[in-house]
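Remarks on the overall topology
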Amino acid sequence: MLTRTSTQSLTEQLAGRFAERIRNRLLAPGARLPSVRDCARQQGVSPHTVVAAYDQLLAQGLVEARRQRGFYVRNEAAAPEGRAKVAIEPVASAGLGTLLPSGVPADASSLIRGMFHRQSDKPQPGMGVFPPDWMESTFLPTALRRLTSTRALQELSLQYGEPAGDAALRRSLSQKLVSINVPAGPDQIITTIGATHALDIVSRTVLRPGDPVMVEEPGWAIEFARLESLGMRVLPVPRRADGPDLDVMAQYCQVHKPKLFVSVSVFHNPTGYSLTPGSAHRVLQLANQHDFHIVEDDTYSHLAPEHATRLCALDGLQRTIYVSGFAKILAPNWRIGYLAAPPALFGRLLETKLLGTLTTPALFERALAWCIDQGQLRRHADRIRVRLDGARARTVKLALSHGCTFVSEPAGLFGWVDTGVDTDALTQRMLDEGYLLAPGSLFHARRPPSTLMRINFATAQDATFWKVYGRVRG
């Protein structure tokens, strides 16, 4: 909070706070700053102080004043000098025949910094991972100790690993995939530096700049930004409770001939929806009829029942490519992900990996293989699911008691809730209290104003957060 005992004036403190948020991308390019009157009321200062602070931001080139509209973060602040901005061309479902230039700068790093910039030691409802104490274990150190003998360490560290990834891990992953009816042998699996890297390998292999790509909306903010940064045309497909909007997909296929569809079938982020068998069959029919690939991001597989419907299981890895990882459930900083692909695509995907990273760290991959083979990962995931069920029940009760409504049935890690107020503005007010939210606009290609927000059930069960939320929301 601003303080009158600081060595800095109130004006300098306020300007510094906004400047830090702009540089850390917590205020996105094009975002509107609070009105002078609202900001003065929120911060407990005079309008004169706010005007002086905004003038400092203007002088620093961080914001611009728009006549009779207020102050906005300058777009130029989103990209390093000399770097070209990539404009996306999303297609609104109301006008599928025409591509609409958005003029919104695509800056993947801005979204990454915004979602992972730690505000305080308080639980952060906007974060996308479990709290660190949930993932603490004794078996991870044990797995690493087994591999740090002189002989093992030299074997795994003093030469390049296998291009496709550690053979022991690929065997373990193959058995894991068979258990969920995805038929992938070790020779169809490529390890990656996290699931995001796997998605990037697929995009760089099967797409070229300008290609149209269908992506579920609402969807993962980083995926929109990543595709935009590669110069792809993003075609947002509304996500329903049973799966993607098939009518919209069919129209896209007729008009734009997309090359790829990116889907989160199980515990979709941010809604928590899971694909139904009927919808899955229709999606695969469209893919066969219109000749496009499907990449299925199964990041939340460790939280889902084995019988959950997956496109890759129904398709048998013919037009589908399976992607997953372990950051959500085990060790975010190990950065281990993988993909499983049709044999016809495997060689090309492996070449793309080699061009980007050569190989991946065999030491962590071998340790993960041991965790899987010994059943440690499975037991750990069982404990997480039980703990998450309890957190979800507590969070739902708190959210409902503070005036939120759930747009979708609470499931998985995330809740998709309607607050009844502009969550972009609410996010900035909650930042003042040390809490990071995930506003609804973040999950749309064109970032329209929204009253929705995504909450993490594991971190939103804190009653203190909801008390602050109730006070700030008004």
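Structural data are supplied above this passage.
Here we summarise the structure given alongside this text. (Residues numbered from 1 in each chain as written. Predicted model: local features only at pLDDT ≥ 70, side-chain atom pairs only at ≥ 80, totals over all residues. Heavy atoms only, no water.)

A closer look at a nonpolar patch on the surface
A contiguous nonpolar surface patch, about 330 Å² in accessible area, is contributed by Tyr160, Leu354 and Leu358. You can see Leu354 is positioned in helix H14 (residues 343-357). For Leu354, a relative accessible area of 32% puts it in the partly exposed group. (Patch = residues over 30% accessible without salt bridge, like charges linked within 9 Å, V, L, I, M, F, W, Y side chains within 5 Å. Areas by Shrake-Rupley, 256 points an atom, 1.4 Å probe, with all protein chains shown as cover. Salt bridge = Lys/Arg side-chain N within 4 Å of Asp/Glu carboxyl O. Helix = DSSP H or I, 4+ residues; strand = E, 2+ residues; numbered from the N terminus. Buried < 20%, exposed > 50% of the residue type's maximum accessible area, 1.4 Å probe, protein only.)

As for helix H3 (residues 47-59)
Here H3 contains 13 residues, and its C-alpha end-to-end distance of 18 Å stays within 8% of the 18 Å for a straight helix at 1.5 Å per residue. Within the span of H3, buried status applies to Thr49, Val50, Ala53, Tyr54 and Leu57. Burial along H3 is one-sided: seen end-on, the buried residues are contained in an arc of 130°. Across H3 from its buried face, at more than 90 degrees, point the exposed residues His48 and Ala59. Packing partners of the buried residues in H3 comprise helix H1 (10-23), helix H2 (36-43), strand S1 (63-66) and strand S2 (70-73). (Expected span 1.5 Å × (residues − 1). Arc of directions from axis to C-beta. Contact = heavy atoms within 4.5 Å.)

Things to note about the environment of Gly165
Looking at where Gly165 falls in the secondary structure, it is placed in the loop between helix H7 (150-157) and helix H8 (167-179). Judged by its relative accessible area of 1%, Gly165 is buried. In this structure the C-alpha to C-alpha distance between Gly165 and Pro361, which are 196 residues apart in sequence, comes to 8.2 Å. Among all residues touching Gly165, those that are not within four sequence positions of it are Arg170, Thr191, Lys353, Thr360 and Glu365.

A short note on the environment of Leu57
For Leu57, the position within the fold is in helix H3. A residue is classified by how much of its surface remains accessible, and Leu57, at 0% relative accessible area, is buried. Between the alpha carbons of Leu57 and Ala287 there is a distance of 50 Å; along the sequence they are 230 residues apart. Ignoring anything within four residues of it in the chain, the contact list for Leu57 reads Ala15, Phe18, Ala19, Leu33, Leu62 and Val63.

Looking at the sheet that holds strand S3 (residues 189-192)
Strand order in the open sheet made by the 7 strands is S3-S9-S8-S7-S6-S4-S5, with mixed pairing throughout. Looking along the sheet, the strands with just one partner apiece sit at the ends: S3 and strand S5 (233-238). Here the average twist between neighbouring strands, direction ignored, is 20°. Note: S3 against strand S9 (residues 337-340), 4 bridges, orientation antiparallel. Bridging across to S9, Ile190 finds its partner in Leu339. Packed onto the sheet, helix H11 (residues 246-256) meets strand S4 (212-217), S5 and strand S6 (260-263) and runs at close to 155° relative to S5. (Pairing = 2+ DSSP bridges. Axes fitted to C-alpha atoms, helices over the stretch in contact; angles between N-to-C directions.)

Quick look at the sheet that holds strand S13 (residues 452-456)
Strand order in this open sheet of 4 strands is S10-S11-S13-S12, and the pairing throughout is antiparallel. The sheet is open, and its two edges are formed by strand S10 (405-406) and strand S12 (438-439), each paired on a single side.

Looking at H8
The terminal C-alpha atoms of H8 lie 19 Å apart, and with 13 residues this matches the ideal 18 Å at 1.5 Å per residue to within 8%. For H8, the elements touching its buried residues are S3, strand S8 (320-325), S9 and helix H15 (362-373). In this structure Asp166 caps H8, since a side-chain oxygen of it lies 3.2 Å from the backbone nitrogen of Ala168. Just downstream of H8 lies Asn181, where phi reads positive at about 70°. (Polar contact = N/O pair within 3.5 Å; in protein donor to acceptor, adjacent residues only side chain to side chain.)

A word on the packing of aromatic side chains
Scanning all chains against the criterion turns up 13 aromatic pairs. On the numbers, 5.8 Å between centres and 85° between planes, the contact of Tyr300 with Phe414 is edge-to-face. With Tyr300 in the loop between strand S7 (293-297) and helix H13 (311-315) and Phe414 in strand S11 (residues 414-418), the pair connects residues that are 114 residues apart, well separated along the chain. A relative accessible area of 3% means that Phe414 is categorised as buried. Pairing Tyr435 with Phe465 gives two aromatic rings, centres 5.2 Å apart and planes at 65°, and the pair type is edge-to-face. On the criterion of sequence distance, the pair formed by Tyr435 in the loop between helix H17 (423-431) and S12 and Phe465 in helix H18 (residues 463-473) is long-range, its members being 30 residues apart. One aromatic cluster is present, formed by Tyr435, Phe465, Trp466 and Tyr469 through successive ring pairs. Taking NZ or CZ as reference, Arg66 lies 3.9 Å from the ring centre of Tyr72, over its face. A cation sits over an aromatic face here: Arg454 above Phe414, 4.0 Å from the ring centre. (Phe/Tyr/Trp six-rings, centres within 6.5 Å; stacked < 30°, edge-to-face > 60°. Lys NZ or Arg CZ within 6 Å of the ring centre and 35° of its normal.)

Some words on the pairing of S1
Here S1 pairs with S2 via 4 bridges, running antiparallel. Looking across to S2, one finds that Arg66 is bridged to Gly70. In this antiparallel pair of consecutive strands, S1 and S2, the connection spans 3 residues, and Gln68 shows a positive phi of 60°.

Here's the deal with the nonpolar core
Phe130, Leu177, Tyr322, Phe326, Leu330, Met430 and Trp466 are the most contacted members of the largest nonpolar core, which totals 70 residues. When residues no more than four places from it in sequence are discounted, the contact partners of Tyr322 are Leu177, Ile180, Val182, Glu296, Asp298, Ser301, Arg310, Cys312, Leu317, Tyr338, Leu339 and Ala340. Of all hydrophobic cores here, the second largest spans 28 residues; its members include Ile190, Val234, Val323 and Leu345. (Core = buried A, V, L, I, M, F, W, Y, C linked by side-chain atoms within 4.5 Å.)

Function cannot be inferred from these measures alone, as they are strictly geometric.
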